[in-house]
Amino acid sequence: MPTPIVETRSLTYRYGDFLAVKDLSFHIEPGEVFGLLGPNGAGKSTTISMLTCLLPPTSGSAVIAGLDVARSAAEVKQLIGVVPQDLALYPTLSARENLRFFGELFGLRGKPLRDRVESVLEYVGMTERANDPIKSYSGGMKRRINLAVGLIHSPRVLFLDEPTVGVDPQSRNHIFESVERLNREEGMTILYTTHYMEEAERLCRRVAIMDRGEIIALNTPRELIAMLGGGILRIGLPQADPAVAQAVQALPQVRSAAFEPDGVSHKAVLKVETRSANPALLEIIQLFNQQGLEILSMETLEPNLESVFLHLTGKSLRA
Ligand SMILES: Nc1ncnc2c1ncn2[C@@H]1O[C@H](COP(=O)(O)OP(=O)(O)OP(=O)(O)O)[C@@H](O)[C@H]1O
């Protein structure tokens, strides 16, 4: 195994009495896109703040490229790029001016600075608008420039904190493509936090699922999903009869069965987590036949990280 570029040992943070991050131990390999996936309040931002030297760990430690974040903060800051959730841009300056300013803070000058400004603008797809003031941009464009600022000094490790929240689809795609290209072309290691499981599935080689300050699972998306085994069935029924949900839940190939909250269609939909989708389907059809019940529709869903989270915590990622 290559030497990890990021490694935490029992990393812990308390806000007063409140334990926000508990005993996190994980590592990120060089060149990896690593996802921290969890609902709001799981402790993702607090973890990033400790890794990027903004909050001193209450206990435990974190090392980046061999440097302890608490003892060698100045050196660590040169090696990392941070793209926070909030914008950190000068609204009256253009994107190019912002990037030059932040590049100079990192000691870049002359041609290397000019070249890097153009290359990060190109990465985030903002070259054409680069001379317009930031305040004239859409929210998504501002987030793309925020990302460009985090890249200006060619960091070895990039921390992206929920970069696509509230972003339009076009900017979201630009952000995805930038992450993929930075990783592929510059070999950049990226820690990406999100509560959108489809982003983690698309971008991340491995994902740590966080809940209430703890990592509750860590693996490749494929392995995490395989752990679940079966798929999910959505069965449309004439009415939401709790006795039916109970009878389905009792079937051997069924993990759980519950009616979804009423949608716009006013049709009752029974959501069934299975151990194995096809055998469960047979059991359900048999049960409905025996009891003379009607099925209005049937849909099978491939399990995804959302179902992994649901399975591990009993709640939805976006609850
Ligand atoms: N300054 C603070 N003082 C007290 N509690 C805090 C503070 N900042 C965060 N918390 C609490 O710590 C927990 C973890 O917050 P954190 O922001 O790290 O979560 P998160 O996973 O990043 O979620 P989000 O996406 O909403 O930021 C939450 O319960 C939050 O309310």
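Residues numbered from 1 in each chain as written. Predicted model: local features only at pLDDT ≥ 70, side-chain atom pairs only at ≥ 80, totals over all residues.

Another aspect to go through is the site of the ligand. Lining the immediate surroundings of the ligand are Y15, F18, A20, G38, N40, G41, A42, G43, K44, S45, T46 and E162. Broken down by element, the shell around the ligand gets its largest block of residues, three residues, from helix α1 (residues 44-51). (Near = placed C-beta within 6 Å. Helix = DSSP H or I, 4+ residues; strand = E, 2+ residues; numbered from the N terminus.)

For the rest of this paragraph, the subject is the UniProt feature "domain: ABC transporter" (unreviewed entry) in the chain. With numbering aligned to this structure, UniProt lists the feature "domain: ABC transporter" (unreviewed entry) at residues 6-237. Note that residues 6-237 is 37% helix and 29% strand, and that its end C-alpha atoms are spaced 50 Å apart. (UniProt positions renumbered as here; feature names shortened; annotations may be inferred.)

Before going further, it helps to spend a moment on the pairing of strand β7 (residues 157-161). Counted residue by residue, β7 has five buried out of five residues, so it is predominantly covered. Here β7 shows no split at all, with V157, F159 and D161 on one side and L158 and L160 on the other all buried. One ladder, built from four bridges, connects strand β6 (residues 80-83) with β7; its direction is parallel. The residue bridging G81 from the neighbouring strand is L158, located in β7. By the bridge criterion, five bridges tie β7 to strand β8 (residues 189-194) in an arrangement that is parallel. (Buried ≥ 20, exposed ≤ 12 C-beta atoms within 10 Å, placed from the backbone. Pairing = 2+ DSSP bridges.)

Residue position: E198 is located in helix α7 (residues 197-203). The exposure class assigned to E198 is exposed, which follows from the 11 C-beta atoms found within 10 Å.

As assigned here, the chain comprises domain 1 (6-225) and domain 2 (230-302). A C-alpha centroid distance of 41 Å is found between domain 1 and domain 2. (Domains from an automatic or database assignment.)

The end-to-end C-alpha separation of helix α5 (residues 139-151) is 19 Å, in line with the 18 Å expected for 13 residues at 1.5 Å each. With respect to burial, α5 is a largely interior element, 10 of its 13 residues being buried. Every buried residue belonging to α5 is among M141, R143, R144, I145, N146, L147, A148, V149, G150 and L151, and all of these are buried. The elements touched by buried residues of α5 are β6, α3 (95-105), α4 (110-123), β7 and α6 (169-186). (Expected span 1.5 Å × (residues − 1). Contact = placed C-beta atoms within 7 Å.)

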